[in-house]
Amino acid sequence: MTAPLTPPHQPPHGSSDGPAPSPAGGADWPPPYPSAVYRDGAGRDEKADLAAEVRQGVLVAFAVTVLGVLLGLLWLWLAPRVPLISDGKAVFLRDTEGEGAIGADAVFALLGLGLGALSAAGVFWYQRRGGIPVVAGLALGGLLGSLLGWGIGTLLGPTHDVAGHARELGAGVAFDAPLELKAYGAILAWPIAAMLVHLALTALFGPRDPEPDDWAGLPAPAPGATSPAPGQDPPASGTTGPTGLRDAPDDRGH
């Protein structure tokens, strides 16, 4: 009776019964999905992009708000006047059938629509892309710009002390009524126009972002390649089994 010629912990020389075991765990290499390193890097990039878009939205809101000064000056210049007259005791409309008050509201709304379209076109030309922060900045800036223009127009327009002004001028002298906005919905003309125009321009002329490809940049897995366990280095290229183990020669010198 003789002892086995091959050590029990080694397979017979030239045996091909199944693939060689992997050095640590037997998972495929490269991994079938992007690693956590790729995911963490993408997450940081997304946060940085979001922060940059928020800053751009704040700048857009500030710049559009400043345009409210132009709205107020144009409204003061183009709005029709409402003439008043006093008889020494009370103040009346000189033209009872006039539509000056309605005309002031209409002019404010039309100016808001025009400035909304221009501001949206300017922001799109400068940014060349959309984004929720930019559109929100346009809407907020348009709303604040409308309020600012309303305040400037009424402040620089005819005085609101109608009775005192009538006493100063005397009876029978016509003067202009204060510039007022009676249809408060006209304030929303600017932000609504800015959002709609910017969204339309982005949909028609904005860049198209490519779909993300999770497999981009990952090498194709080699036949029989294995994956290291967490915390270990990957196996050397072309290695399909444990290194450092070789077939022990048998006692017959083969």
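Asks: How should I be thinking about the packing of aromatic side chains in this particular structure?
Replies: Two measures describe an aromatic ring pair: the distance that separates the ring centres and the angle between the ring planes. Applying the stated criterion to the full structure yields 2 aromatic pairs. For the ring pair Trp150 and Tyr184, a centre distance of 5.6 Å and an interplane angle of 45° mean the geometry is tilted. With Trp150 in helix 4 (residues 132-156) and Tyr184 in the loop between strand 4 (175-176) and helix 6 (189-205), this pair connects stretches of sequence that are 34 residues apart.

Asks: Got a minute to help me understand the environment of Leu73 in this structure?
Replies: Along the chain, Leu73 turns up in helix 2 (residues 68-78). What makes Leu73 partly exposed here is its relative accessible area of 42%. Sequence separation between Leu73 and Thr154 is 81 residues, and the spatial gap between their C-alpha atoms is 10.0 Å. Beyond its immediate sequence surroundings of up to four residues, Leu73 is in contact with Ile152 and Leu156.

Asks: Would you explain a nonpolar patch on the surface in this entry?
Replies: On the surface, a nonpolar cluster with roughly 750 Å² of combined accessible area is contributed by Leu140, Leu143, Leu144, Leu147, Leu188, Ile192, Met195, Leu196 and Leu199. Taken together, the elements giving at least two residues each to the nonpolar patch come down to helix 4 and helix 6. In this structure, Leu199 sits in helix 6.

About the cut-offs
- All residue numbers here refer to positions counted from 1 along the written sequence of the relevant chain.
- In keeping with the predicted nature of the model, local features appear solely for residues at pLDDT of at least 70, side-chain atom pairs appear and are counted solely at 80 or more, and the whole-chain, interface and lining totals rest on all residues.
- Excluded from the side-chain calculation are hydrogens and water; included are all heavy atoms of the structure.
- A pair of aromatic rings is counted whenever rings of Phe, Tyr or Trp (Trp by its six-membered ring) have centres within 6.5 Å, and the orientation is called stacked for planes under 30 degrees apart, edge-to-face for over 60 and tilted otherwise.
- Labels follow the DSSP assignment, with helices taken as runs of H or I lasting at least four residues and strands as runs of E lasting at least two, numbered in each case from the N terminus.
- Using a 1.4 Å probe on the protein chains alone, a residue whose accessible area is under 20% of its type maximum counts as buried, one over 50% counts as exposed, and one in between counts as partly exposed.
- Contacts between residues were defined by any pair of non-hydrogen atoms, one from each residue, lying within 4.5 Å.
- Two distance rules govern patches: like charges are joined within 9 Å, and nonpolar side chains (Val, Leu, Ile, Met, Phe, Trp, Tyr) within 5 Å, applied only to residues with over 30% relative accessible area and no salt bridge.
- Reported accessibility uses the Shrake-Rupley method at a 1.4 Å probe radius. Residues are deemed covered only where the shown protein chains occlude them.
- Salt bridges are defined as contacts in which a side-chain nitrogen from Lys or Arg sits within 4 Å of a carboxyl oxygen from Asp or Glu.

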